[in-house]
Each structure stands twice: as C-alpha cells, then as structure tokens.
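One letter stands for each residue in the lines below.
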Amino acid sequence: MDKIHTPVLLKESIESLNIQPDGFYIDCTLGDGGHSIEILKRLSKEGLLLSLDHDQHAIDFVREYYKEELEKNDNWIIKKGNFKNIKELTKEISTKPLGILMDIGLSSRQLEESHQRGFSYNEEDEPLDMRMDENLGVTALDLLKVLPERKLADLFWRYGEERYSKPIAREIKKNISDIKTVGDLTRLVYKVVPVNSNKNPSRRVFQALRIVVNDELTNLEIGLDNSFEILQKGGRISVISFHSLEDRIVKNFFLEKQGSGEGEMLFKSQIAPTDDEKKHNPRSASAKLRTLIKTKET
C-alpha cells in the first residue's frame, strides 16, 4: 500500500502546535497519517496522540501502513468519528489536550481511491455518492433528485459560489432521469458553464454537493466550539482550510475568541504554502493555516 496524500503545510502546522513531549494532542483528520506521524515523533512515551477520521477507508489504510509504529507506540490511539463529537470521543481520557489540529480538506486518497464514492469529477463512471462516512443516509444523487430546482440552485450558489447555479440546476432537473454517474453530471455542467480556464467547470458543483452531503460547515462550527472547550489553557488549535467558506468560519471563530479575551491568534493573518510547496503539491495552493491559543480557562 502506497501513500498518495501529501500533507499540506506540514512543517508550519506542526510548529504552530508547539508540541510538548509529554502532552496530549489530537489530529482531527487522520487522512493518510502524515500530520499524525509527525506529531507522534515529537512525543515521549508519556505523551498521547489521538487521531480521528470519519472515513473508515482512511483508518484502514493508516492501520496497515503504520502497523509497526502502532505496535511500538501504545500512546497512539486511532478512533472513527467526526470531530464535531470530539468531547464524546475524548471522554475516556483524563487529561485535556495541549494541541488540536484540523486539516479540513479532501485528501488525495479520497480523490484518487474514492472506493466508488464519486468525490472527483474526473472519475466519470463512479456513482454520485460523496459520503465520507458511508453510514450517512443521503447521497449526492439523492439531493439532485429530491431538491426542487430553486433549492438546488441555492445550494450551488451558497456552498459552491457558482455563478451559473440557476441554469445548472435547471439543466439537472430537466435531465434528472438520465443522471446516475459522475460523468452524467459533469457533461451537463459542461453544457451550461463557459469553459474559460483549464479548471473543470464542475468543481464548484461537486464542492457544494460534498459539503451538504457531509454537513461539513456545520460540523466545522460545532467542532471548533467543542475543541476550544476541551483545550487546556495555553493550548492551541491549528486549522488548515481550503476554500473561503471554511476559512471564514475559522477566522470569525478565532476573532470572536480573541475579542472576548478567551484566545489569542498566533499569526496576525493566515499562513499560506510557499511557492515551492505549491509547485511540488499543486493541491496545496488554496490552503490557509490559522492558529488560536487559549488564554483563559473555560
């Protein structure tokens, strides 16, 4: 089994946590394990790392790929779960975390080995599923079928910031009986959206559907709130976001905590990937890192 995903802003995010060898740390989005393994390397046997993911395929990969490390280190715990439930997932751990990392982007493995979930608009034959946790009930195709044209257009505009949301929704509802796969949807979008760059015109539609299917923005809001609550005073939350909707939520939450005197932002603004990182890992181009230090016990 080979690693596919390259962790974004790895050096910067690990440094932002200011890892203490005996501390307790949480990686809220395990993915291919890139951030987690770097945290683990900096911990002593008295330190503790909890890695979370609601994608069972990611957990299965890491358990196999890092089998030796997991056998050698009983202070690395992996749990399946959404980070919005971080309080429930940590209730058996008596100490509070000193650092929490959230990398809330879609991983390269989910795009390239999606296990027939249709995350990528390039995988034409895959079904329109888009569930990160396959126990969720509603798929992307369900949304296309059930939502009326007006609500579908609103979804594409609100969560994908898609300028052509209305004609795309109209074309989808006109042809809904013919839509079953990723390719069926992308071909309809190509008919509506002018192609004026090398970017696939379906990308915003896919982003919007994935966000709604997985309730990503609500989960982020809840996850930030619960993570800050369980964090030790002096502890840090670092978040890597990949689009403006996520980043706005993170920025506003951090500003609110700073304004109330409960937290202090480590950086005046966000940290972005270097030109060298963007060159070697193009998927990092839109990433932003923000870190909040908890200054008051809650």
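To be clear, the structure that these remarks concern was listed above.
The model shown is predicted, which means the values in this text are computed figures rather than measured ones.

Take helix 8 (residues 149-160) next. Its 12 residues give helix 8 an end-to-end C-alpha distance of 16 Å, which sits within 8% of 16 Å, the value for a rise of 1.5 Å per residue. Listed as buried for helix 8 are Leu152, Ala153, Leu155, Phe156 and Gly160. Burial along helix 8 is one-sided: seen end-on, the buried residues are contained in an arc of 155°. Of the residues one or two after helix 8, Glu161 is the one with positive phi, at around 50°.

What follows is about the nonpolar core. Counting 29 residues, the largest nonpolar core has Ile26, Ile100, Met102, Leu224, Val239 and Phe254 as the members making the most contacts within it. Elements represented by at least two residues in this core include exactly strand 1 (24-27), strand 2 (48-53), helix 5 (86-89), strand 4 (99-103), helix 12 (216-230), strand 5 (236-241) and helix 13 (244-259). One finds Leu141, Leu188, Phe206 and Ala208 within the second-largest nonpolar core, a separate group that totals 28 residues.

In terms of burial, helix 10 (residues 182-192) is largely enclosed, as eight of its 11 residues are buried. Listed as buried for helix 10 are Val182, Gly183, Asp184, Leu185, Thr186, Leu188, Val189 and Val192. Buried residues belonging to helix 10 abut helix 7 (140-146), helix 9 (165-174) and helix 11 (203-213).

Counting buried residues along strand 5, six of its six residues qualify, which places the element largely inside the surrounding structure. Here strand 5 shows a buried face lined by Arg236, Ser238 and Ile240 and a second buried face lined by Ile237, Val239 and Ser241. For strand 4 and strand 5, the ladder comprises five bridges, and the chain directions are parallel. Across the sheet, residue Leu101 finds its bridge partner in strand 5, namely Ser238. Of the pairings in the sheet, the one linking strand 5 to strand 7 (residues 288-294) comprises six bridges and is antiparallel in character. Among the inter-strand pairings, Val239 is bridged to a residue of strand 7, identified as Arg290.

Definitions and cut-offs
- Residues numbered from 1 in each chain as written.
- Predicted model: local features only at pLDDT ≥ 70, side-chain atom pairs only at ≥ 80, totals over all residues.
- Heavy atoms only, no water.
- Helix = DSSP H or I, 4+ residues; strand = E, 2+ residues; numbered from the N terminus.
- Expected span 1.5 Å × (residues − 1).
- Buried < 20%, exposed > 50% of the residue type's maximum accessible area, 1.4 Å probe, protein only.
- Arc of directions from axis to C-beta.
- Core = buried A, V, L, I, M, F, W, Y, C linked by side-chain atoms within 4.5 Å.
- Contact = heavy atoms within 4.5 Å.
- Pairing = 2+ DSSP bridges.

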